[in-house]
Every structure is written in structure tokens, then in C-alpha cells.
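Architecture at a glance
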Amino acid sequence: MRAALVIARKDLRQRLRDRSAIVIGVVAPLLIAGVMSAAFRGTASFHFTLGVVDADHGSVAAGLIRALDEPDLRTIITLKRLPSDSAARTDVRTGSVAAALVIPSGFSTSVAGAAPKALAVVTSVNNSAAGGVARAVVESFTAQINADRLSVMTAVQSASPLDLGELSRLAQGLAIPLRTLQRPVGARELTAISYYSPAMAIFFLLFTIGFTSRSFFVDRAQGMVERMRAAPIRPFEILVGKALSVLVYGVASLATVGVITSAAFGARWGDPLAASVLGLAMVLAVVCLTALVISAARTQRQAEGVAAILTFGLALLGGNFVSLSSSPPLMRTLSLFTPNGWALRGYTDLATVGGGLSSVAGPILAILAFAAVTGTVAASLARRAVS
Amino acid sequence: MRVLAITRASLTRVARDRTSLFFLLVLPVVVIVIIGATVRGFSTFTVGVESTGTDAAGRALVSALERSPGLKVVPFATTPALTTALARGEVAAGVVVPAHLAAAERSGRPVVVTVYAERVNSVQQAAATAVASVIVGRGALVQAARFASDHSPAGYDAALATARGLDAVLPRVAVRTVRADTVSSTLPEGFSYSAPTELVLFVFLSALAGGATIVETRRLGLYERMLAGPVRARHVVLGEGLTYLVIALVQSVLIVTIGSVAFGVSWGDPLAAGALVVVWSLVGVGAGLLAGTVFRTPEQATSIGPTVGIAFAMLGGCMWPLSIVSTAMRDVGHVTPHAWAVDAWTILLSRHGTIASIAGQLGVLLAFAAALLALSTWRLARRLH
């Protein structure tokens, strides 16, 4: 096995002398993760300013404004009083408030009558989510008023012996019987940086397949393989040497990106042991994929082409570019045919639900199964590649 | 003629390289499909609903959630599957509809519908608020039916039918939505987002990665061999520039055609769109030629090129709309030509702009192209002399 170690050391030294290895293994994932972190800083939360125009000054309007200012809503809404309807439109158009509520003059008194006045939510086409939430909150409040009006009229229509005034008085104490109970699932929010740090580290790790295959074929073209075979070195040891260099480089790259993104950008990789074993499994899968490309390709050009297509194909399917969480279900299913898709599912679970090694046992086993299949095929083709 | 001969030779090399063809022609289309299917939902919340074994009242509640314009409902078979999806961020809130909702509503006791969402997660809190609004709306009918059956001779079912009938005609406290503006500052969602942004991304990325070919040509001594003939350095520079321009234009035309034919993307005013494609191709040519002179090895070109290309694309709004990032990041994004190109596409696709509307963006892009072309031509010519 000493020969394998020598080959691995030579490959690693050669790779580190070309700065592109450092760029791909460390600089590139850190740069991209840094851009992601900067882009999404402060945008991961959903909070907006809602303008309020109270032209009514009545009791129902006051109740509505109190409801908008409840502690539960303060995490998503900050209220800002505005003087008029036109000011609300201008502020929404310019973006100084995300949406605005306009309570018309005479609203409170109209609510008890036959033709209640409408509330208006002023929204922008560029911030429809805030407009939608503002509307939902206001509708939650008006739902009780409308339910009370409907209750009274239903009783009247159902030939109630009580008069309208009595029914209206009784309806004031009603509460809509269908309510929601909000429960947490105990999971942390999946931040962009926590998803894209492992996603980018793994994406650039996949580039190793191309680099190592190219180095193998360059060695072969320069007669290195023949010279090694003239020495007492078995073909198997040559492949092990190449694989070892990928393993060391991959582990070093993932570990560096993991430590730096955790410390500098606050990325959550989860339990260190679980994250490390998951990363190691992913590196093993890359080693086996590299061995497969080297064994299957006949020329350097062919190896480079297959490796490049494999790298981008796996990254696209596995969710390294677009978050699997926001992808359609079909994409999430397809990602489970790739080792990187499983790895990202594991890192997502570690960042959100947490847990130890056992919580990512499924992804680790799936990645190892992928590695075993590709490794077995590579081994059966290996003799042809080095002979 | 010498320039065209060099261009023809370079294009033949590219056309015979199946890997290059994959990256130039196949990959952009695949990415458009994936991003187009993914970049949706900036204006809606995806809500998971578990309603297995529920009754007619439960189904009515689910359809009320489905009708709500701000929500996209995804069904789940079990509660654990729903909470796992919520933990992974695949849905913004999870609703568990009670199995016997009709009986529970009739019982006279308060009916509770469980909504899974973290209060500290503001996206989930907002989604839960939107869900609560729909559920409370449904509860109005139940309240009216109970109240009427308590204070009239009618039974619950009869009162519920009366309430349902009245609900459709009774004047209510309505909430109107008033649009303050109609001009969108982002590209439309779906393929109309992914096709123009991927055009911007791939033309630039392919050109940068293509710098590897120039590095390889330099290493093989092909330029020296060309210059040994009756060929001047400017012929080589022009020939290589023309090669990149043809590749960028072919790639752009492919993306535009597939975008409009297969995905129904409307690219806006043809003259303006054409001008933008040509100017952006020139930016790509400048970037590709520069990469070919800056990088020393093909490995550097194929490693640093895509990294820079992807980082610029992210900063410039090709991966997500710049309207969702901070003002500072938006300003940083406009240091890249990508942000100006995406701005121009936004004006064409979302605001039906003309060539006059994007004159400012085209001017900035032309300046980028001129600077990149001048720098790269100077560097390449200097290397050849």
C-alpha cells in the first residue's frame, strides 16, 4: 500500500501547485456562500410596515387598529399612521410602506346598518405577499362582524320569536367557534446560508471528478502509468492512490468550507459528528464516481466531457443550485437518485430539526449504497483502464 | 477572408466537441426548465394540508383554502409527513383538518383546527395568519347556524342551509384591494423569469469557460503557427472575437426560440429584444476573450470562469429577483453587467418597454462591452506580438 500513498501524495502536491485546486476546493464555495449570505441577510424574515389611515375615529375602527397591533402580529407587522387615502397610495407606490389599510369615514356607524362601508387595503404589484397578509389580518377581524350580522339575519329568517334589537344584543357576545391552534414543530428556520454552504461545497467537490480523471489520462499520455506498472506496483494500487488523493482533498475542502461558513457566516451544519460522517460519505461517493469515469473513459477528452456533464447533471438534479425546499415535489423525488441530493437532505434536516448521527442514518446509507454500486462497476472496469 | 477562415476553424473545433455542445446548447435548456419550475411563489405561501378521512365539512374547508388567492395548497397523507415538510421549509404552514369536522361543528363546542407554524419564523407566522383568516371565514357559517338554532324553531342543518344562502346575498363588511401601481419591478414568475435570466447567465458563463479554448490554443502554439503565415495579429483577434460572437448569438437565439415556442415566453418588443441580445453577446465576447488572456491554464479557466460567472449571475439577479435583497446588495449587483441586462429584460417583459425605454441599460452594457473588448483585444494582441 506504500505505493498507493506515494501516488496519492504526488497527486495532492501536483494539484495544490496549480492554484485552481484551491480556488475550486475552498475559494469558490466560500465566495458563492458569501454572496448568498450577503444577498439574503435580513430578507429571510417576513416583516413589513402597514400604513393605516383612520378617517373614521369610531369604536370599531379603534378595535381593528388594536387587533393589528396585537403581540402575535408584531413579528410581521409594524403600523404607521398615515393622514389620507392619497398619502397611502403614494407611500405604497414609493415603497415606504408595503401596504396600507384605509378605514373610511363613518365606518363604525355603518357596520350596524344595512349597508356597511368597505375597508380598503392598498397594495403594490411589487409586494403582493405583504398585501395578501394585510388583507388576511383585516379579514380575520371583519369575519367576526360579518359572522354576527349573518347570525342575526339567519335567526330572523328562521322565524326567531326575538326581535332584531334583542338578537343584535345577543350576537354581540358571540365568538366564531372555528378557531386555529398554532403549534410549533420545534424546527429551526432553514436559512439560505445554511442550505447553500453545503450545497456549494458539494457542487465544487464534484469538480474533483474532472480534475482527477484529467490527471490520470495526462499521466497515462506521458507514460507515467507504464512506468509505474514497470515497477512492482499493482494496477489496483494506482487506482487506490488516485482515490486517496481525492478523499484527502475532498475531506479537506468540505471541512474548510464547513468551519469557515459556520464561523464567518453563521451557517448551521448541525451536529459536528453527523455532519462529518455525512460529508465523508459524500466524498466516498465522489471517489467512486471518479474511479468510474477513469475506468469507463477511453480518452482524456472523453473523461473530461463525461465528468463535466456528470458534475452539472448531478448538481442540477441534486438541488445544489436551487433549494430543494422551494422545488416542486417531482424535483425533490428526482434529487433522491443522486448522492448530493441525499447529502443536502441530510444537511437540511441537521440544520432545521437537529439531532445526531442517527437522524441522518438514512441519507448516509443511501449515499454509501450509491458509492457501492458505482465503485463495483468501476472496479470491474479498472483492469481495462490501467492495462 | 483570413478572419473568416480563423473563425470557421475555431467554430469547427467547438462543433466537434460534444462536451462543448452540451454546455452551450443542452445545459441552458435544462436549467431554464428547472429554474422555471422553481422560481414561483414569491407572492403566495405554500400550505400543506392533511385531511385524510375527513367529511364534507372538512372538504369544504380544504376547498376554501384552495380558493384563497394567497395560498397554494399541497396535500399530505400523514401528519408526520406534513411536519417533516414544514421543518425542511417545503411548506410555510401545515393544516390538520379534523376527521369529523361536521359533527364537531354541530356539537356546540369550539372547534380547533391545528395549524403547524413556528411563531419565531415570520414567513410561517404570516402563512398561519393567512390560513387562520380562511378558517375563521368558514366558522362564520357555523356560528350563524348555531345561533339561529338556539334562538329559533329551526334545527342546526336547516339553519346552516339558511346561513349559507344568506351568506351569498347579505351585504357584508368587505375588504377591497386597491392597487397603488401596476408596473412590476420584477420579471414575471416561472419560465418568463428563468428564460431571460438564464440567457444572461449562460451567454456570459459559456464565454468565460470558453476562455479555456484560447488558453489551450496558446499552449498548443496554434497562434504562432497562424502568424507564421500571411496573417496579422489583428486577424487572429478579430477571428477569435467573431467566433465568440457567433457562439453567443446562436446560444441566445436557441434560448429565445425554445423560450417562446416550448414555454410561451413573450420576449417583448422584437427590435429592443434583438438589440439587447446583440449587446449582451458583445459583453460575453469581451469577457470570454479577456478570460482567454488572463488565465494561464485551461484548469484555471474552467474553475475560476464558472465561479466568477455564477457569482456575477447571483449578484446581478439571475438566480433570484434583486427586489428581494437589500438596497446595498442591489447597488453591489449593479457593478456587474448582469444586473443591467436583467433590468432591461424586466422593462421589456413586465412593462412592455421599447428600445427607447431600455436605452439607458443598453448604454451601460455597451460601455461594459467596449471596456472588456478594448482590454481583451489589447492583451491578446500583445501576447501575439
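Remember, predicted model here, so these are calculated numbers, not experimental data.

Here's the deal with the interface of chain B and chain A
For interface size, the figure often reported is the accessible area lost on association. Taken together, the contact between chain B and chain A spans 95 residues of the former and 95 residues of the latter. When residues of the side of chain B that touches chain A are traced back to their parent elements, those giving at least two are helix H2 (18-38), helix H4 (79-87), strand S4 (111-116), helix H6 (122-150), helix H7 (156-169), strand S5 (175-179) and helix H12 (298-315) of chain B. Of all the elements, H6(B) adds the most residues to the side of chain B that touches chain A, at 23 residues. Residue composition of the side of chain B that touches chain A, by class: 51 nonpolar, 30 polar and 14 charged. Here five bridges tie strand S4 (residues 119-123) of chain A to S5(B), and the two strands are oriented parallel to one another. Across the sheet, A:Val122 pairs through a bridge with B:Val178, a residue of S5(B).

Re the nonpolar core
Counting residues in each nonpolar core, the largest one holds 159 residues, and the members touching the most others are A:Ala285, A:Val286, A:Ile367, B:Phe204, B:Leu276 and B:Val283. Broken down by element, the residue count for this core peaks at 17 residues, all from helix H8 (residues 192-221) of chain A. Beyond its immediate chain neighbours, meaning those up to four positions away, A:Ile367 contacts A:Ala281, A:Met282, A:Ala285, A:Pro339, A:Trp342 and A:Ala343. Counting 93 residues, the second largest nonpolar core, distinct from the first, contains A:Ala61, A:Ala147, B:Tyr116 and B:Leu160.

Focus: the sheet that holds S4(B)
Taken together, five strands build an open sheet; the order of strands is S5(A)-S4(B)-S3(B)-S1(B)-S2(B) and the sheet is mixed. Looking at strand neighbours, the two that pair on one side only are strand S5 (178-183) of chain A together with strand S2 (71-76) of chain B, the edges of this open sheet. Ignoring which end each strand starts from, the neighbouring axes of this sheet average 30 degrees apart. As defined by bridge partners, strand S1 (residues 45-50) of chain B adjoins S2(B) across six bridges and the pair is classed as parallel. Bridge assignment links B:Glu50 to a residue of S2(B), and that residue is B:Phe76. Against the sheet, helix H3 (residues 56-67) of chain B engages S1, S2 and strand S3 (93-96) of chain B, with an angle of about 140 degrees to S2(B). Each of S1, S2, S3 and S4 of chain B touches H4(B); the most contacted strand, S1(B), lies at about 160 degrees to it.

What about the domain arrangement of chain B?
Taken domain by domain, chain B consists of domain 1 (2-39 + 188-384) and domain 2 (45-169). Each of domain 1 of chain B and domain 2 of chain B has a C-alpha centre, and the two are 50 Å apart.

Some words on the domain arrangement of chain A
Taken domain by domain, chain A comprises domain 1 (2-41 + 191-386) and domain 2 (48-171). For domain 1 of chain A versus domain 2 of chain A, the separation of C-alpha centres amounts to 55 Å.

Structural notes on the packing of helix H8 (residues 191-220) of chain B against H12(B)
Residues and elements named next belong to chain B. Where H8 meets H12, the closest approach of the two axes is 8 Å, and the angle between their N-to-C directions is 165 degrees. The angle between H8 and H12 falls in the class roughly antiparallel. Remark: the crossing between H8 and H12 carries right-handed chirality. Here H8 contributes Leu201, Phe204, Leu205, Leu208, Ala209, Gly211, Ala212, Val215 and Glu216 to the contact with H12, which in turn contributes Pro298, Ala301, Thr302, Gly305, Pro306, Val308, Gly309, Phe312 and Ala313. Looking at side-chain class alone, the contact of H8 with H12 contains 13 nonpolar, four polar and one charged residues.

What counts and how
Residues numbered from 1 in each chain as written. Chains lettered and ligands numbered in written order. Predicted model: local features only at pLDDT ≥ 70, side-chain atom pairs only at ≥ 80, totals over all residues. Contact = placed C-beta atoms within 7 Å. Helix = DSSP H or I, 4+ residues; strand = E, 2+ residues; numbered from the N terminus. Nonpolar A, V, L, I, M, F, W, Y, C, P; charged D, E, K, R; others polar. Pairing = 2+ DSSP bridges. Core = buried A, V, L, I, M, F, W, Y, C linked by C-beta atoms within 7 Å. Buried ≥ 20, exposed ≤ 12 C-beta atoms within 10 Å, placed from the backbone. Axes fitted to C-alpha atoms, helices over the stretch in contact; angles between N-to-C directions. Domains from an automatic or database assignment. Parallel < 35°, antiparallel > 145°, perpendicular 65-115°, else oblique. Left-handed = near helix turned anticlockwise from the far one by under 90°.

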